[in-house]
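# Examination of the molecular architecture
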Amino acid sequence: MTDTRFDVLCIGNAIVDVIADAEEGFLTEQGLDKGSMRLIDEDEAVRLYGEMGPGREISGGSAGNTAAGLAALGIKTGFIGQVADDQLGKIYQHDIQAQGIDFLVPARNDVGATARCLILVTPDAQRTMNTFLGAAQRLEAHSVNMDAVADSGILYLEGYLWDPSQPRAAMEAAMDAAHAAGRKVAFTLSDTFCVDRHRDGFWQLLRAGKIDILFANEAEAKAMAEVDDIDDAVRALAEFAPTLAVTRSEKGAIAIAGGERAEVTAEPIERLVDTTGAGDLFASGFLAGQARGLGLEASLKLGAVAAAEVIQHYGARPEKNLRELTGDLLA
């Protein structure tokens, strides 16, 4: 592990998740596509919240979830994300810090309301996300502590935050600062809708050598490469990503780096409850392995264990002791 302030510094949307059960008929009534993620405005967020059943409020956001998993694995972790100076913003900041993660961006009173994601979970454990980005999309480059970026072994960025221009500029500046300091940059494609909106931009990052570790699930990898076969997608992405990690749900995960290829099967589970955060926690485990200098197979195994834990309960943050679940892998 590098002698740095942070082993991994995560930048992403600071979002409070509101999770509720829903029947598929409710999704149909609301005109929602099961398993999708859509961006909504504040009015729609208020309307849909009023239609939803009872929910649980849990601090989330993709990179925030990954940061929580990393901290649970004993990795020195920081988080950069914008919240408002409101009740949800205070809850989010408290939750992050309570998990031993350094929260590096002050709350502001000029950025609207703190972001929230309304998550509807159907009986098959699929989650349909409706996201109001609010203050999260107001992250600016001057709010990013570039000294902390330079003093982090790995900088981890989420594709969900790439849409608004302000945080995109902040993330690009952070990527440059990380590489200038000789650090690695990890990036997750996040969702097929992100790929469809920003495919050209993501390819520019890859071809310019801005991404050292790329995360994708099977659907995102295919969408990025614009192919129907996963092996073709993996080959296309691995040509430009020095390290590539692709998750395949119950089929396990693949990683390729420097001509080496590793695969692991999915970890057995007792009951599938909620797939929210599966990819985020997989990234936690994989990045923990990379931060510790472990090989591809061990890093994949850590990712699989962390992902298996989070899909067996509601919410995208680990509830069981990940250090115990990973056994000797991080000893």
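Fair warning: this is a prediction, and the values are worked out from it, not measured in the lab.

Let's shift gears to the packing of helix α7 (residues 192-207) against helix α8 (residues 218-225). Running from N to C, α7 and α8 cross one another at 60°; their axes reach a closest spacing of 9 Å. Considering the angle they form, α7 stands oblique to α8. Two packed elements cross with a definite hand, and for α7 against α8 that hand is right-handed. Contacts between α7 and α8 involve Thr192, Val195, Asp196, Arg199, Phe202, Trp203 and Leu206 from the former and Ala219, Glu220, Ala223, Met224 and Ala225 from the latter. Within the contact of α7 with α8, the residues separate by chemical class into eight nonpolar, one polar and three charged.

Another aspect to go through is the sheet that holds strand β8 (residues 127-132). Judged by pairing direction, the sheet is mixed, and its five strands sit side by side in the order β3-β8-β7-β2-β4 without closing on themselves. Of all the strands in the sheet, just β3 (37-39) and β4 (56-60) have a single pairing partner and so form its edges. Sheet twist, expressed as the mean angle between neighbouring strand axes with direction ignored, is 25°. This element, helix α2 (residues 42-51), spans β2 (15-21), β3, β4, β7 (115-121) and β8 of the sheet and lies at about 40° to β7.

A word on the packing of aromatic side chains. This structure, assessed with the given rule, holds twelve aromatic pairs. Arranged with centres 6.0 Å apart and planes meeting at 45°, the rings of Phe79 and Tyr92 form a pair that is tilted. One end of the pair, Phe79, is in strand β5 (residues 77-80); the other, Tyr92, is in helix α4 (residues 87-98), and 13 residues separate them in sequence. Geometrically, the ring pair formed by Tyr92 and Phe103 is edge-to-face, given 6.3 Å between the ring centres and 65° between the ring planes. Of this pair, Tyr92 sits in helix α4 while Phe103 sits in strand β6 (residues 102-103), and the two are eleven residues apart along the sequence. For the pair Tyr92 and Phe103, one class covers both residues: buried. Taken together, the aromatic side chains of Tyr156, Phe215, Phe282 and Phe286 make up a single cluster linked through ring pairs.

Cut-off values and rules
Residues numbered from 1 in each chain as written. Predicted model: local features only at pLDDT ≥ 70, side-chain atom pairs only at ≥ 80, totals over all residues. Heavy atoms only, no water. Axes fitted to C-alpha atoms, helices over the stretch in contact; angles between N-to-C directions. Helix = DSSP H or I, 4+ residues; strand = E, 2+ residues; numbered from the N terminus. Parallel < 35°, antiparallel > 145°, perpendicular 65-115°, else oblique. Left-handed = near helix turned anticlockwise from the far one by under 90°. Contact = heavy atoms within 4.5 Å. Nonpolar A, V, L, I, M, F, W, Y, C, P; charged D, E, K, R; others polar. Pairing = 2+ DSSP bridges. Phe/Tyr/Trp six-rings, centres within 6.5 Å; stacked < 30°, edge-to-face > 60°. Buried < 20%, exposed > 50% of the residue type's maximum accessible area, 1.4 Å probe, protein only.

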